[in-house]
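# Understanding the architecture of this molecule
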Amino acid sequence: MLAAQALSVLSVFNPKLVVEKILAPLTEKCLSKALHIRHGAILGVSEIVIGLGGNSVSNRKETLEKAWISLSLKERKLIKDSENQAKFKELFEKTSSQNYLNEVLPEGSEMLNNVITIIQRVEKERLYKGKGGEIMRGGVCHLIHALATSKLKLDDSVLHQLVKTLIENFKHPNPEIQDEATKAFKTFCFAYLNDGSPSLAASSPIILAIKKLFDPSMNDMNIAITRGYNMAFGVMTQALILF
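Reading the values: the criteria
- Residues numbered from 1 in each chain as written.
- Predicted model: local features only at pLDDT ≥ 70, side-chain atom pairs only at ≥ 80, totals over all residues.
- Heavy atoms only, no water.
- Helix = DSSP H or I, 4+ residues; strand = E, 2+ residues; numbered from the N terminus.
- Buried < 20%, exposed > 50% of the residue type's maximum accessible area, 1.4 Å probe, protein only.
- Salt bridge = Lys/Arg side-chain N within 4 Å of Asp/Glu carboxyl O.
- Phe/Tyr/Trp six-rings, centres within 6.5 Å; stacked < 30°, edge-to-face > 60°.

## Observations regarding unusual backbone geometry
In the Ramachandran plot, R126 falls in the positive-phi region, its phi being about 55° despite a non-glycine side chain. Here the phi dihedral of K151 falls at roughly 50°; this positive angle occurs in a residue that is not glycine. Note on placement: K151 falls in the loop between α10 (133-149) and α11 (156-170). By relative accessible area, which is 57% here, K151 ends up exposed.

## What to know about the pattern of salt bridges
Following the criterion strictly, the structure yields 1 salt bridge and no others. K171 is paired through a salt bridge with E168; the nearest N and O atoms lie 3.3 Å apart. With relative accessibility at 28%, the residue K171 sits in the partly exposed group.

## Things to note about the packing of aromatic side chains
Going through the model one piece at a time under the given rule, you end up with 3 aromatic pairs. For the ring pair F170 and F185, a centre distance of 5.3 Å and an interplane angle of 80° mean the geometry is edge-to-face. With F170 in helix α11 and F185 in helix α12 (residues 175-192), the pair connects residues that are 15 residues apart, well separated along the chain. Side by side, F170 and F185 carry an identical accessibility label, which is buried.

Note that every value here comes from positions in space, so none of it alone points to a role or purpose.
Quick look at the structure:
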């Protein structure tokens, strides 16, 4: 995860290069037969989207702290308060909040479509099944979190599919997967199910899918379902709760 977070920090320095040389191959590696490759790829894609959306500052502190801990005393002395460190910090603060998505991932572009359809392709290839399935579920949830963090424009059919994916992970017996799904749903709600959102309509399949969770959240005998659904209710936006 640290390597992926580093990509979100670095992506703001040359967005076009990152998209062409790093994001493009990573989108294909998300379907790799090797678990460690496809899991790392989906995390990498997620963090690049976060960075290009102007949100890499959220990772800067955590990434640098983890990197600092891994350094030896000699290495720390070399970089501590150095001129290059000061220049990097100044440049990062100037560029990290800029949104480059419209520039390097324009609406309707093939690359944007490749990013948006990763989850659909992962599920089509049944990569949740078998060894490593749980790890991929966590990766998929993190990608949903990234898409929502950057507030990518997604049509209702894509949003509905993402909600269905999250619902499947809400009821997973592994609490860590439920945590990842809840984190993603919270970001999703603030991005797409907030005041003024067109998805907040009585006939919306998203709203209908969420309403179906109410009864099993109270009455289902499976503790994973009741726990997961109620965790999701706890992060909904006020606009969604009052709808």
